[in-house]
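Reading the structure
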Protein chains: 2
Amino acid sequence: MNQIRRERERARTDRPDLDAVLDAAAVGTLATVLDGQPWVVPMLYARDGDRIILHGSTGAGALRHVATGAPAAFCVTLLDGIVVADTLFDSSANYRSAVVRGHLTVIDPSEAAYALDLMSDALIPGRSAEVRSNNKKELSATLAIALPIEPERWTVKVRDAPPSPPDDVADSGGWAGVVPLRTMAGDPIPAPWVSADVQAPESVHRLVRRT
Amino acid sequence: MNQIRRERERARTDRPDLDAVLDAAAVGTLATVLDGQPWVVPMLYARDGDRIILHGSTGAGALRHVATGAPAAFCVTLLDGIVVADTLFDSSANYRSAVVRGHLTVIDPSEAAYALDLMSDALIPGRSAEVRSNNKKELSATLAIALPIEPERWTVKVRDAPPSPPDDVADSGGWAGVVPLRTMAGDPIPAPWVSADVQAPESVHRLVRRT
């Protein structure tokens, strides 16, 4: 990404490295091929062991098409910092990214309720214990999809380093460094119909503390 | 994204809506088709009027391949909040996303220096005025690529709303709302070789204030 010096951009090859990136983000980009053209859509997701769970409306035609065996690539990126180098050439970003390749499959209806609870808990940890699970009508409106995580079908890249020092001493002497970035949660905003005396649940407090 | 109620997920069709999404993010996901398979990579980018500028190393084989006319889709997503609804089904996210489709072209070497300065300023506003521009060696190591923004070849979707009220009154009564998310910059971290008496430049202060 950007003109990153190769020695500072690291491919990570251990499976826990992949899980760490996937578990740190909530949104990824799903790509597939439709009529020979690239097709992409941002999607919320959850990792469930050796698979990534995605979901959408059963009414979404393109999604249903790709869910029935089309080759897919799912990309997750976290931007961790802006790398301010002595030169524009060496300016860059610190980041974590993962790409998982494979074929999507539709999750069996008998498993869909579990998968969708897990999706909700990935987004709002603990929420599935606070409210009822999806009912039949909701389940039938939802397409739960899995992308398997298979050996040799994924890549992880991480840059987590100061700028590269300049090649030419004439470029040095100024300030160089990293501006770290992080995602922060603001104060929860109640929906318009929620009375002021209704307290936010533990899952919401946890969400705010976590970020 | 997620099981978003259709009425709250809005397609935006005015060109300024696209520019607003593209100008708010720094990283996107570039997708293309290689040997019939989806190929994706996260990339820093800048918008330059009616085109998106990308860049990479001239040594990156796959990137050079796609830069020579392959069909591409570039996806940008900003996660703005977690939508905590009365049901798991209605839980969702507030977000802004854009997809731009087209064919990549390699930027002419005569224009590359300008394009790369603009890339740097998209990442670190004002930085190109503080340090020298890319030199010949750096320019020859860099592939500057453009994706044109053409009418009817892009889509923007935005969800910026409270949760959907529950269909069933039995599900209501609890807290529901939005946990807003934003990206914050932390204190700049000087590179190990930078003396404590060297002040961070204005571009870095601007970066910290902006986020």
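Residues numbered from 1 in each chain as written. Chains lettered and ligands numbered in written order. Predicted model: local features only at pLDDT ≥ 70, side-chain atom pairs only at ≥ 80, totals over all residues.

Considering the overall build of chain A
The helix and strand tally for chain A stands at five helices and 12 strands. Over its C-alpha atoms, taken along the principal directions, chain A stretches across nearly 70 × 50 × 30 Å. (Helix = DSSP H or I, 4+ residues; strand = E, 2+ residues; numbered from the N terminus.)

Observations concerning the relation of the copies chain A and chain B
When chain A is fitted to chain B, the residual RMSD is 0.0 Å, and the transformation amounts to a turn of 180° plus an axial shift of 0.0 Å. These values place the two chain copies in the arrangement generated by a two-fold rotation axis. By C-alpha distance to the rotation axis, the residue of chain A lying nearest is A:Thr183, at 2.2 Å. Most of the interface of chain A is mirrored in chain B, where 100% of its interface residues are also at the interface. (Least-squares fit on C-alpha atoms with pLDDT ≥ 70 in both. Contact = placed C-beta atoms within 7 Å.)

A short note on the sheet that holds strand E5 (residues 51–57) of chain B
Residue and element names in this part refer to chain B. Taken in spatial order, the four strands make up an open sheet running E4-E5-E9-E8, and their pairing is antiparallel. Sheet topology places strand E4 (46–48) and strand E8 (105–106) at the edges, where each strand pairs with a single neighbour. Relative to strand E9 (residues 142–148), E8 runs antiparallel, the two being bridged by two bridges. Residue pairing across strands places Thr-105 opposite Ala-146, the latter belonging to E9. (Pairing = 2+ DSSP bridges.)

Regarding the sheet that holds strand E8 (residues 105–106) of chain A
Reading across from one edge, E4-E5-E9-E8 (chain A) is the order of the four strands in this open sheet, with antiparallel pairing throughout. Strand pairing shows two members of the sheet lacking a second neighbour, strand E4 (46–48) and E8 of chain A, which therefore form its edges.

Considering the environment of A:Pro125
All names here are of chain A. Within the secondary structure, Pro-125 is located in the loop between helix H3 (109–123) and helix H4 (136–140). C-alpha of Pro-125 to C-alpha of Glu-202: the two residues are 77 residues apart in sequence and 9.4 Å apart in space. Contact partners of Pro-125, with chain neighbours within four places excluded, come to Ser-203, Arg-206 and Leu-207.

Some remarks on the pairing of strand E2 (residues 27–34) of chain A
Residues and elements named next belong to chain A. The element E2 is largely enclosed, with a buried count of six among its eight residues. By the bridge criterion, eight bridges tie E2 to strand E3 (residues 37–44) in an arrangement that is antiparallel. The partner of Gly-28 across the bridge, within E3, is Met-43. Adjacent in sequence and paired antiparallel, E2 and E3 are bridged by two residues, among which Asp-35 carries a positive phi angle near 55°. For E2 and strand E6 (residues 71–84), the ladder comprises four bridges, and the chain directions are antiparallel. Counterpart to Leu-30 in the pairing with E6 is Phe-74. (Buried ≥ 20, exposed ≤ 12 C-beta atoms within 10 Å, placed from the backbone.)

Remarks on the pairing of E9(B)
All names here are of chain B. Of all seven residues in E9, five are buried; the element is thus mostly enclosed. Sheet topology note: the E5/E9 ladder contains seven bridges and is antiparallel. Each residue of the ladder has a partner; that of Ser-57, found in E9, is Thr-142.

What about the interface of chain A and chain B?
Accessible area lost when the parts come together is the quantity often used to give the size of an interface. Contacts between chain A and chain B engage 79 residues on the former and 79 residues on the latter. When residues in the side of chain A that touches chain B are grouped by element, the largest group, nine residues, is from strand E11 (residues 177–185) of chain A. Taken together, the residues of the side of chain A that touches chain B break down into 50 nonpolar, 23 polar and six charged. The pairing of E11(A) with strand E12 (residues 189–190) of chain B spans two bridges and is classified as antiparallel. What sits directly across from A:Gly177, in E12(B), is B:Pro190. (Nonpolar A, V, L, I, M, F, W, Y, C, P; charged D, E, K, R; others polar.)

A short note on the nonpolar core
Counting 122 residues, the largest nonpolar core has A:Ile52, A:Ile82, B:Ile52 and B:Ile82 as its most contacted members. Every residue in contact with B:Ile82, bar those within four places of it in the chain, is listed here: A:Leu123, A:Ile124, A:Leu207, B:Ala93, B:Val178, B:Val179 and B:Leu181. (Core = buried A, V, L, I, M, F, W, Y, C linked by C-beta atoms within 7 Å.)

A short note on helix H5 (residues 202–210) of chain B
Looking only at H5(B), the buried set comprises B:Ser203, B:Val204 and B:Leu207. Projected onto a plane normal to the axis of H5(B), the buried residues spread over an arc of 100° and lie on a single side. Residues of H5(B) that are buried make contact with E6 and E11 of chain A together with strand E11 (177–185) of chain B. (Arc of directions from axis to C-beta.)

Thoughts on H3(A)
Residue and element names in this part refer to chain A. Under the 1.5 Å per step criterion, the end-to-end length of H3 is 21 Å for 15 residues, consistent within 8% with the ideal 21 Å. Restricting attention to buried positions, one finds in H3 the residues Ala-112, Ala-115, Leu-116, Met-119, Ser-120 and Leu-123. Angular distribution of buried residues about the axis of H3 spans 140°; they occupy a single face of the element. (Expected span 1.5 Å × (residues − 1).)

Quick notes on unusual backbone geometry
Negative phi is the rule for most residues except glycine; trans is the rule for most peptide bonds. Residues and elements named next belong to chain A. The backbone phi angle of Asp-35 is positive, close to 55°, even though this residue is not glycine. With respect to the element layout, Asp-35 can be found in the loop between E2 and E3. At Glu-152, a position not held by glycine, the phi torsion is positive, near 65°. Residue Glu-152 is classed as exposed on the basis of its 7 C-beta neighbours within 10 Å.

What about the confidence of the model for chain A?
Residues and elements named next belong to chain A. Scored by pLDDT, chain A has a mean of 91; 96% of the residues are at 70 or more. Scored below 50 in pLDDT, residues 1–6 makes 19 contacts in the model with residues more than four places away or belonging to other chains. Among the prediction metrics, the complex's ipTM stands at 0.93, with pTM recorded as 0.94. (pLDDT = per-residue confidence, 0-100.)

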